[in-house]
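Notes for the structure review
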Amino acid sequence: MIVGFALSLVLIAATILIHYEALRLTSLGLAELAIPVHARILVVLTTSIASHCIHITLYALAYMGLHWIGGYGTIGGAG
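For the structure given in this document, a descriptive report is provided here. (Residues numbered from 1 in each chain as written. Predicted model: local features only at pLDDT ≥ 70, side-chain atom pairs only at ≥ 80, totals over all residues. Heavy atoms only, no water.)

**Thoughts on the overall build of the protein chain**
Within the protein chain, the secondary structure is distributed over two helices and zero strands. By the compact-globule yardstick of 12 Å for 79 residues, the protein chain is too spread out, its C-alpha radius of gyration being 18 Å. Its C-alpha atoms give the protein chain principal-axis dimensions of about 55 × 30 × 15 Å. The burial tally for the protein chain puts 14% of its 79 residues in the buried class. A fraction of 63% describes how many contacts in the protein chain between residues 6 or more apart in sequence connect residues 24 or more apart. About 6,200 Å² of surface is accessible on the protein chain, with carbon and sulfur atoms providing 77% of the total. (Helix = DSSP H or I, 4+ residues; strand = E, 2+ residues; numbered from the N terminus. Rg over C-alpha atoms; globule rule 2.2 N^0.38 Å. Buried < 20%, exposed > 50% of the residue type's maximum accessible area, 1.4 Å probe, protein only. Contact = heavy atoms within 4.5 Å. Areas by Shrake-Rupley, 256 points an atom, 1.4 Å probe, with all protein chains shown as cover.)

**Regarding the side chain of His 55**
Structurally, the position occupied by His 55 is in helix α2 (residues 37-69). In this structure His 55 touches Thr 15, Ile 18 and His 19, once residues within four positions along its chain are discounted.

As structure tokens, then:
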């Protein structure tokens, strides 16, 4: 129980940090580019999607790790 709770807090903190840094670095990089506004929006959206893919991978690895450790249940349908 404690391990699951601690892992949840770490995952939430990592998610916030990854998303924040991705958007912050994108914002800094966009300030120097001479591209139209629509292209800037596409860059921000693409960065956000890439950030979310990293989040998904992070959570999947955490769930796989919990499954590997054992005792934390499985994800499955009805038997």
